[in-house]
Amino acid sequence: MGFQKFVAVGDSCAEGLDDPYPDHSQYRGWADFVAGRLARDEPDFRYANLAVRGRRLEQIIVEQLPAAERHEPDLIALFGGGNDVMSGGWNARTVARRVDAAIRRCTHIAPTVVTFTLSDIAHRMPFGARMHPRVTALNDAIREASVSYGAKLVDLWPDHAAHDSRYFGPDRLHLSEAGHLRVAGHVLDRLHIGHDAGWLNPLPGSPARPSLRADLRWFWQEVVPVAVTRLHNRLIGRSPGDGFFPKRPDLLPVAFSEAQL
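Fair warning: this is a prediction, and the values are worked out from it, not measured in the lab.

Draft legend 1. Region of the structure containing the side chain of Asp19. Checked against the element boundaries, Asp19 lands in the loop between helix H1 (12–15) and helix H2 (30–39). With residues near it in sequence (within four places) discarded, Asp19 still touches Tyr27, Arg28, Gly29, Phe33, Leu175, Ser176, Glu177 and His180.

Okay, here's the thing in structure tokens:
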């Protein structure tokens, strides 16, 4: 017996940024790839994606997990914590408590739970080293809670793909199509489900070499607009993700075409 009801919860990485469908109607991402593969084994398979970009762990717990519980899934995947790392109100102990609460709740919702650590952003961002202690603390909390509650951990921290810019979008933070396919491969491996081996094969050739020009272009085109938006949101009392809704709030059959997958 395979999985029949799969629910993904979390932030932009679970929503599928930065991997749009060919028609740009919405984002695709690793969860859609996983769902497409699982659907091949179960005619009655259904999938919901409740993730919303910008959401922190406490918002995921309050907004998404009650809806996930109503779906009564047999598989739930939680990808979150990145926005907590980048939050101005970072507190390692508080975030660790939220990680524990989120993973514990997920294991009460579904018999099989998949969790994820974050990869090291220091390799691809000039200022990434400043986030290193936060990412390390978050990952330690995720590993500990995953062991405590029996969740299946996909540990992305040691993955060499973090060193290859081609696995990430222009902002160097969100995954590209190749990155999402790789994460999907890791998830399916963790679930002991066969998949296209190419999803985990190293990309051919070599990534572009780092350069000051590329770093400056990234800073002005990606970092500055985000910083301005966050400052504006803070001034008006708006949280990241406000105004966005889950791309797939209901459990529905999977009808992804081969061209899309």
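Draft legend 2. Fine view of the side chain of Asp171. With respect to the helices, strands and loops of the structure, Asp171 is situated in the loop between strand E5 (152–154) and helix H7 (177–190). For Asp171, a relative accessible area of 18% translates into the label buried. At 2.9 Å, the side chain of Asp171 and the backbone nitrogen of Leu173 are in polar contact. Leaving out residues up to four positions away in the same chain, Asp171 has contacts with Met125, Trp218 and Glu222.

Draft legend 3. Focus on unusual backbone geometry. Residue Asp18 follows Leu17 across a cis peptide bond; omega there is 10°. Its location among the elements puts Asp18 in the loop between H1 and H2. With a phi close to 60°, His24 is a non-glycine residue in the positive phi region. If you trace the backbone, His24 turns up in the loop between H1 and H2. Located in the positive-phi region is Arg172, a residue other than glycine, with phi close to 65°. With respect to the secondary-structure elements, Arg172 resides in the loop between E5 and H7. The class of Arg172 is buried, set by a relative accessible area of 16%.

Draft legend 4. A look at the sheet that holds strand E3 (residues 75–79). Reading across the sheet, the six strands line up as E5-E4-E3-E1-E2-E6 and stay open at both edges, with mixed pairing between neighbours. The open sheet terminates on both sides in strands that have one partner only, identified here as E5 and strand E6 (248–253). Strand-to-strand twist in this sheet, taken as the mean axis angle between neighbours without regard to direction, amounts to 15°. Looking at chain direction, strand E1 (residues 5–10) and E3 are connected through five bridges and run parallel. Paired with Val9 across the two strands is Leu78, which belongs to E3. H2 rests against E1, strand E2 (46–49), E3 and strand E4 (112–116) of the sheet, and its axis sits at about 175° to E1.

Draft legend 5. Fine view of a nonpolar patch on the surface. On the surface, Leu212, Leu216 and Trp220 cluster together into a nonpolar patch covering about 380 Å² of accessible area. Using a relative accessible area of 58% as the deciding quantity, one classes Trp220 as exposed.

Draft legend 6. Seen up close, the layout of surface pockets. Considered as a void within the structure, the second largest pocket measures approximately 510 Å³ in volume. Looking at the second largest pocket, it is lined by 21 residues, and the ones nearest its centre are Arg124, Ser165, Arg172, Ala208 and Ala214. Broken down by class, the residue content of the lining of the second largest pocket amounts to nine nonpolar, six polar and six charged.

Procedures and definitions
- Residues numbered from 1 in each chain as written.
- Predicted model: local features only at pLDDT ≥ 70, side-chain atom pairs only at ≥ 80, totals over all residues.
- Heavy atoms only, no water.
- Helix = DSSP H or I, 4+ residues; strand = E, 2+ residues; numbered from the N terminus.
- Contact = heavy atoms within 4.5 Å.
- Buried < 20%, exposed > 50% of the residue type's maximum accessible area, 1.4 Å probe, protein only.
- Polar contact = N/O pair within 3.5 Å; in protein donor to acceptor, adjacent residues only side chain to side chain.
- Pairing = 2+ DSSP bridges.
- Axes fitted to C-alpha atoms, helices over the stretch in contact; angles between N-to-C directions.
- Patch = residues over 30% accessible without salt bridge, like charges linked within 9 Å, V, L, I, M, F, W, Y side chains within 5 Å.
- Areas by Shrake-Rupley, 256 points an atom, 1.4 Å probe, with all protein chains shown as cover.
- Salt bridge = Lys/Arg side-chain N within 4 Å of Asp/Glu carboxyl O.
- 1 Å grid on protein atoms, 1.4 Å probe; cavity = no way out; pocket = protein on both sides within 12 Å on 5 of 7 lines; lining within 4 Å.
- Points joined across faces, edges and corners; volume = space filled by probe spheres on them.
- Nonpolar A, V, L, I, M, F, W, Y, C, P; charged D, E, K, R; others polar.

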